[in-house]
Amino acid sequence: PQFGKDGKMQKCDYCTGIGSEPACTMSCPAEALFYGTIEELLEKVKGKNGKRMDGATKPAIIIVS
């Protein structure tokens, strides 16, 4: 989230116009954020107790515990 030109909080737009991946996932020091298709993310968390959240999550979210 960030402040827009109107001074109001704006939703994340993934800033993918800057590069191939959002800045937050590239710069996360704990490597806790990932970006990709749901298939790529599910493959990344295989064997790590990850599961796709149920419900109308848009964008889709995977939680790894």
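Now for a description of the structure that goes with this document. None of these values were measured; they are calculated from a predicted model.

**Overview of the overall build of the chain**
- Counting secondary structure elements, the chain contains two helices and four strands.
- For the chain, the sequential pattern of α-helices and β-strands runs β-β-α-α-β-β.
- For the chain, the residues scored as buried account for 11% of the 65 residues in total.
- Just so you have it, the chain exposes about 5,600 Å², and 56% of that area is on carbon and sulfur atoms.

**A short note on unusual backbone geometry**
- We note that Glu-31 has phi near 50 degrees; this positive angle belongs to a residue other than glycine.
- Note on placement: Glu-31 falls in the loop between helix H1 (23–27) and helix H2 (38–44).
- In this structure Glu-31 comes out as exposed when scored by relative accessible area, which is 61%.

**Structural notes on the state of the cysteines**
- Evaluation of the coordinates by the stated rule reveals zero disulfides.
- Cys-24 provides the cysteine sulfur closest to Cys-28, a residue in no disulfide bond, and the two sulfurs are 8.0 Å apart.

**Quick word on the pattern of salt bridges**
- Within the structure shown, the criterion is met by one salt bridge.
- Put simply, Glu-43 and Lys-46 hold a salt bridge, and the shortest N to O gap is 3.2 Å. Each of the two residues, Glu-43 as well as Lys-46, counts as exposed.

What counts as what
- Residues numbered from 1 in each chain as written.
- Predicted model: local features only at pLDDT ≥ 70, side-chain atom pairs only at ≥ 80, totals over all residues.
- Heavy atoms only, no water.
- Helix = DSSP H or I, 4+ residues; strand = E, 2+ residues; numbered from the N terminus.
- Buried < 20%, exposed > 50% of the residue type's maximum accessible area, 1.4 Å probe, protein only.
- Areas by Shrake-Rupley, 256 points an atom, 1.4 Å probe, with all protein chains shown as cover.
- Disulfide = S-S within 2.5 Å.
- Salt bridge = Lys/Arg side-chain N within 4 Å of Asp/Glu carboxyl O.

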